[in-house]
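Structural description and commentary
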Amino acid sequence: MTTALVTGAAGALGRAIVRRLAADGHQVAALDLDASALEGALNLKVDLRDADAIEAAFAETAARLGPVGILVNNAAIYPARPFLEVPLAEYEDVHAVNQRAYWLMAQHAARQMTSGGAIVNVASITMHGGWSDLAAYVATKGAATSLTRALARELGPGEIRVNCVSPGAFPTAAEEIHEDPEAYNRFVLERQALQRRGTPEELAAVVSFLTGPDASFVTGQTIEVNGGWVMA
Ligand code: NAD
């Protein structure tokens, strides 16, 4: 049984990832600002902007469940605002949660993965085509894939595999930023090959593959989970 740590665990996709990794037989530590309990997981209330809190979460997870063998960096924030109006503090928050925390979490995890392990970073389809009013978010998602490749190379000799999943547009709370949900739904389906919306479980299944034994020779990759979204 492996100890798995998932961030953003109370979100729509995070919950599905926690459930799937638990079903795969792992002991799961679920990190989020939102302390609402996820059944079957060790729930830890952590603000990922706080480096000390991240370190404490790793210490507590190791003490209660054993050293981490799987890390899923999934938490993100996505405040929508025109680029020229983004205050520095908001940019710094986005960077802290979506990028600096991915870095710190991977560092702590890799130190505990003395006999190998698997790290999965969560990116976003927006990193390919850009997205108005989300520049800071989009930049961090591009960084997640570069960080994935850099860490895959550096941690490979220790049998630590580092991969990335890049979700398309899943129908979750994140969509509340769109003014007209029906128009957004049409927009998504026009771009996907598959003419239905994906489910969080379909994203979690790819995380399960990347963290499991069937992906034992897969590292440094970004897998697009987006129903065949085609960017013009
Ligand atoms: P969500 O907003 O539902 O969940 C994000 C979670 O992160 C929330 O539970 C929130 O409390 C937590 N969080 C935010 N700030 C935090 C902090 N400072 N400390 C600790 N936790 C914090 O988002 P989601 O839709 O489940 O997305 C999960 C991941 O998938 C994100 O990385 C997102 O960028 C990516 N993604 C999602 C979609 C989608 O369609 N939902 C599309 C592309 C990429």
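The rules behind each value
Residues numbered from 1 in each chain as written. Predicted model: local features only at pLDDT ≥ 70, side-chain atom pairs only at ≥ 80, totals over all residues. Heavy atoms only, no water. Helix = DSSP H or I, 4+ residues; strand = E, 2+ residues; numbered from the N terminus. Rg over C-alpha atoms; globule rule 2.2 N^0.38 Å. Buried < 20%, exposed > 50% of the residue type's maximum accessible area, 1.4 Å probe, protein only. Contact = heavy atoms within 4.5 Å. Areas by Shrake-Rupley, 256 points an atom, 1.4 Å probe, with all protein chains shown as cover. Lys, Arg positive; Asp, Glu negative; His and termini not counted. Charge placed at Lys NZ, Arg CZ, Asp CG, Glu CD. Salt bridge = Lys/Arg side-chain N within 4 Å of Asp/Glu carboxyl O. Expected span 1.5 Å × (residues − 1). pLDDT = per-residue confidence, 0-100.

**Re the overall build of the protein**
A tally of regular secondary structure across the protein gives seven helices and seven strands. Counting from the amino terminus, helix and strand elements in the protein follow one another as β-α-β-β-α-β-α-β-α-α-β-α-α-β. In terms of overall size, the protein behaves like a compact globule, its C-alpha atoms giving a radius of gyration of 17 Å where 232 residues would be expected to give roughly 17 Å. Projected onto the principal axes, the alpha-carbon positions of the protein cover approximately 45 × 40 × 35 Å. A burial count over the protein gives 50% of its 232 residues as buried. Taking the intrachain contacts of the protein between residues at least 6 apart in sequence as the baseline, contacts between residues at least 24 apart amount to 70%. Element-wise, carbon and sulfur atoms account for 54% of the exposed surface of the protein, whose accessible area totals about 11300 Å². When the 17 basic and 26 acidic side-chain charges of the protein are each reduced to a single mean position, those positions are 4 Å apart.

**Here we look at the pattern of salt bridges**
Within the structure shown, the criterion is met by eight salt bridges. Glutamate 201 is paired through a salt bridge with arginine 19; the nearest N and O atoms lie 3.2 Å apart. Of this pair, glutamate 201 sits in helix H7 (residues 200–211) while arginine 19 is found in helix H1 (residues 12–23), placing the two residues 182 residues apart along the sequence. The closest approach of N and O atoms between aspartate 24 and arginine 20, which form a salt bridge, is 3.1 Å. Under the relative-accessibility criterion, arginine 20 is labelled partly exposed at 32%. One connected set of salt bridges, linked through shared partners, spans Asp47, Arg49 and Asp93.

**Notes on H7**
Its 12 residues give H7 an end-to-end C-alpha distance of 17 Å, which sits within 8% of 16 Å, the value for a rise of 1.5 Å per residue. Listing the buried residues of H7 in full gives Pro200, Leu203, Ala204, Val206, Val207, Ser208, Leu210 and Thr211. Turning to H7, the residues buried within the fold contact H1, strand S4 (68–73), strand S5 (117–122), strand S6 (160–167) and strand S7 (222–225).

**Here we look at the side chain of serine 124**
Within the secondary structure layout, serine 124 lies in the loop between S5 and helix H4 (126–129). With near-sequence residues (within four places) excluded, serine 124 lies in contact with Tyr137, Lys141, Ser166 and Pro167.

**So, the confidence of the model for the protein**
This prediction gives the protein a mean pLDDT of 96; 99% of its residues lie at or above 70. Of all secondary-structure elements in the protein, the lowest mean pLDDT belongs to helix H6 (residues 181–191), at 93, while S5 reaches the highest, 99.

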